[in-house]
Amino acid sequence: MARSQLAAAARVARWADAALGPGSDGATADGKATLADASAERAARDLGLTVAQIRADWDTARLAGLVEVHGDSARPGWRLRAWNRDDSAVLRGWVALFDAWSLAHAEPSDHEPAAVAEVVSAMPQVLSFLQLSAGPVPVDQLLDLLEQRVTELRTERCEIPYGPQPEPAEQPEAVDAPLAPLLDWALHALASVGALTYGGGQATLTPLGSWAVWVKLEQICVAAQSPAGNIEVAADEMLRGCAQLRPNAARAEYRAWLAARPVGSAVTELIAAARGDDALLRGLAFEALRVVGAPAEPDVSAVADEPTLRPYALLWLAEHDGVDPEDAHEVLTREEATWLWVDTAAAVADHGEAPMLVRHLESAVQPTVPLLLEEVRAVGHPRTVQVLVALAAAHPDPALAKAVRRAAFQVHTGGS
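Caption draft 1: Focus on the overall build of the chain. Along its length, the chain carries 21 helices and five strands. Taking all 416 residues of the chain together, the buried fraction comes to 43%. Of the contacts made within the chain by residues no fewer than 6 positions apart, 64% connect residues no fewer than 24 positions apart. Working note: accessible area of the chain is about 21500 Å², and carbon and sulfur atoms make up 53% of it.

Following this line, the structure appears as structure tokens:
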């Protein structure tokens, strides 16, 4: 059903990819990835559609993530690339469209934006009621529910005037008087994305819509079960909160944190945390990105050329492509593996115990400590001196500790 719902949008996105090329000046007319008139007319001729149909399908493609906006141009999204091989990518695209239902159908122009926003905020409860009903529901019943929810929202905002108030000259207008046309708009918009059917004075969730509402409810439950209570904090703070958790507990925390926010902004936050100075957060950020999975692929690929993130990104991409995690390190060059060893050692030195740093020696790709020290000195990691000093202080072998201290001194002074 998701493929059928997005088929027209995917066709236009593929046409743009083939006919215009990613980033082509002819693809868009502005910084919002709106099709230029000439491009829309050309697409209409090539695909046998009207210009209005082309523009509608293009907008759907953007909302579903089949087309992504980058600066002043648009390019195919990962969901379009994965369309033929990954059903989950198609479902994610439809869920993105479902989440954007209020943008998929023009809102009434004669209503206050605040009233429209109230209805958008109240519709999840209406959809949950439709899902529980498992069948047609009269619109009048939905309108009663919408009235109750909007009243609750206004009460939560404490929209009560302060000070003595004059008696009203007449009975105030019922809260649902302006809501009927807005409910009609919302139901039409949700029908336009395939979430429900609407007609004959009643609405019914489609199987796809029922599934989407169930997924959203499940996400709320997952978020509510955050073991460490880090749902509302920024990515770096969440990662610090997970540093002392066992792997399974940390993954549960990542899932809860991710369920509480849009995947795009979550990935952006995690990568920003990985760019920081704390090597431990860098490693944990990529562990959280493993929980994100395929939606993070474009962003991870984009940072693979950044020296600080490259080893982590290459390992992530290899595992995402199906390489066994135990063999994924083979995608790294010797220099990249050494850089990663130093970065991981920095995390251990900052947050771990001395025995952990000594055991970290065993994970080096170099067969001997002298060879490791030689290559560590050459790799140019900014924390090399601190790592070697900490290792020398922690190692119980006086001769080896002396050699490590000498290497640290040579790095510090630039000697050989």
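Caption draft 2: Looking closely at the environment of Val-387. Note that Val-387 resides in helix H20 (residues 384-394). Considered as a pair, Val-387 and Ala-349 are 38 residues apart in the sequence and their alpha carbons are 6.7 Å apart. Leaving out residues up to four positions away in the same chain, Val-387 has contacts with Trp-341, Val-342, Ala-345, Ala-346 and Leu-357.

Caption draft 3: Looking closely at the layout of surface pockets. Estimated volume of the second largest pocket: approximately 1100 Å³. What lines the second largest pocket is a set of 37 residues, among which Gly-283, Glu-287, Tyr-312, Thr-344 and His-360 lie closest to the centre. Elements supplying a minimum of two residues to the lining of the second largest pocket: helix H12 (247-259), helix H14 (279-292), helix H16 (310-320), helix H17 (334-351) and helix H18 (354-360). Within the lining of the second largest pocket, the residues separate by chemical class into 23 nonpolar, eight polar and six charged.

Caption draft 4: Main features of the pattern of salt bridges. Using the criterion set out here, one finds 14 salt bridges in the structure. The closest approach of N and O atoms between Arg-154 and Glu-118, which form a salt bridge, is 2.9 Å. Of the two residues, Arg-154 is situated in helix H8 (residues 139-156) and Glu-118 in helix H7 (residues 113-133); the sequence distance between them amounts to 36 residues. A relative accessible area of 27% places Arg-154 in the partly exposed class. Residue classification places Glu-118 among the buried residues on the basis of a relative accessible area of 8%. Linking Arg-149 and Glu-152 is a salt bridge whose minimum nitrogen-to-oxygen distance equals 3.0 Å. Highlighted residues: Arg-149 and Glu-152, both in helix H8, separated by three residues, approximately one helical turn. According to the relative accessible area criterion, Glu-152 is partly exposed, its value standing at 34%. Each member of the salt-bridge network shares a partner with another, and the members are Glu-287, Arg-290 and Glu-319.

Caption draft 5: Geometry of the sheet that holds strand E4 (residues 196-199). Taken together, the three strands give an open sheet; going across it, the order is E3-E5-E4, and neighbouring strands pair in antiparallel fashion. Of all the strands in the sheet, just strand E3 (137-138) and E4 have a single pairing partner and so form its edges. Sheet analysis places E4 next to strand E5 (residues 202-205), joined by four bridges and oriented antiparallel. Within the sheet, the bridge partner assigned to Leu-196 lies in E5 and is Leu-205.

Caption draft 6: Main features of helix H3 (residues 51-63). Spanning 13 residues, H3 covers 18 Å between terminal C-alpha atoms, matching the ideal 18 Å at 1.5 Å per step. Among all positions of H3, only Ile-54, Asp-57, Trp-58 and Ala-61 are buried. Along the axis of H3, the buried positions cluster into a sector of 105 degrees, meaning they face one direction only. Positive phi appears at Gly-65, one or two residues downstream of H3, with a value of about 80 degrees.

Caption draft 7: Here's a closer look at the environment of Leu-289. Take Leu-289: it is sitting in helix H14. In this structure the C-alpha to C-alpha distance between Leu-289 and Leu-270, which are 19 residues apart in sequence, comes to 7.4 Å. Non-local contacts of Leu-289, meaning those with residues more than four positions away in its chain, are made with Val-267, Leu-270, Ile-271, Ala-296, Val-300 and Trp-316.

Caption draft 8: Region of interest: the packing of aromatic side chains. Tallied over the full model, the rule gives three aromatic pairs. Between Trp-94 and Phe-98 the ring centres are 5.4 Å apart and the planes differ by 20 degrees, which places this aromatic pair in the stacked class. Pair noted here: Trp-94 and Phe-98 are both in helix H5 (residues 87-99), with a separation of four residues, about one helical turn. Trp-94 gets classed as buried once you look at its relative accessible area, which sits at 0%. Classification of Phe-98 by relative accessible area gives buried; the value is 6%.

Caption draft 9: Inspection of the side chain of His-395 at higher detail. The residue His-395 is located in the loop between H20 and helix H21 (398-413) in this model. Under the relative-accessibility criterion, His-395 is labelled buried at 16%. With residues up to four places along the chain from it excluded, the contact list for His-395 reads Val-358, Leu-361, Leu-400 and Ala-401.

Caption draft 10: Representation of the pairing of E5. In the sheet, E3 pairs with E5 via two bridges, with the strands oriented antiparallel. Note on E5: the bridge partner recorded for Pro-138 is Gln-202.

Caption draft 11: Focus on the confidence of the model for the chain. Looking at the chain as a whole, the pLDDT averages 83, with 87% of positions reaching at least 70. Confidence, read as mean pLDDT per element, is least for strand E1 (residues 67-70) in the chain (71) and greatest for E3 (94). Throughout residues 168-175 the model reports pLDDT below 50, and contacts reaching past four residues in sequence, or to other chains, amount to four contacts.

Procedures and definitions
Residues numbered from 1 in each chain as written. Predicted model: local features only at pLDDT ≥ 70, side-chain atom pairs only at ≥ 80, totals over all residues. Heavy atoms only, no water. Helix = DSSP H or I, 4+ residues; strand = E, 2+ residues; numbered from the N terminus. Buried < 20%, exposed > 50% of the residue type's maximum accessible area, 1.4 Å probe, protein only. Contact = heavy atoms within 4.5 Å. Areas by Shrake-Rupley, 256 points an atom, 1.4 Å probe, with all protein chains shown as cover. 1 Å grid on protein atoms, 1.4 Å probe; cavity = no way out; pocket = protein on both sides within 12 Å on 5 of 7 lines; lining within 4 Å. Points joined across faces, edges and corners; volume = space filled by probe spheres on them. Nonpolar A, V, L, I, M, F, W, Y, C, P; charged D, E, K, R; others polar. Salt bridge = Lys/Arg side-chain N within 4 Å of Asp/Glu carboxyl O. Pairing = 2+ DSSP bridges. Expected span 1.5 Å × (residues − 1). Arc of directions from axis to C-beta. Phe/Tyr/Trp six-rings, centres within 6.5 Å; stacked < 30°, edge-to-face > 60°. pLDDT = per-residue confidence, 0-100.

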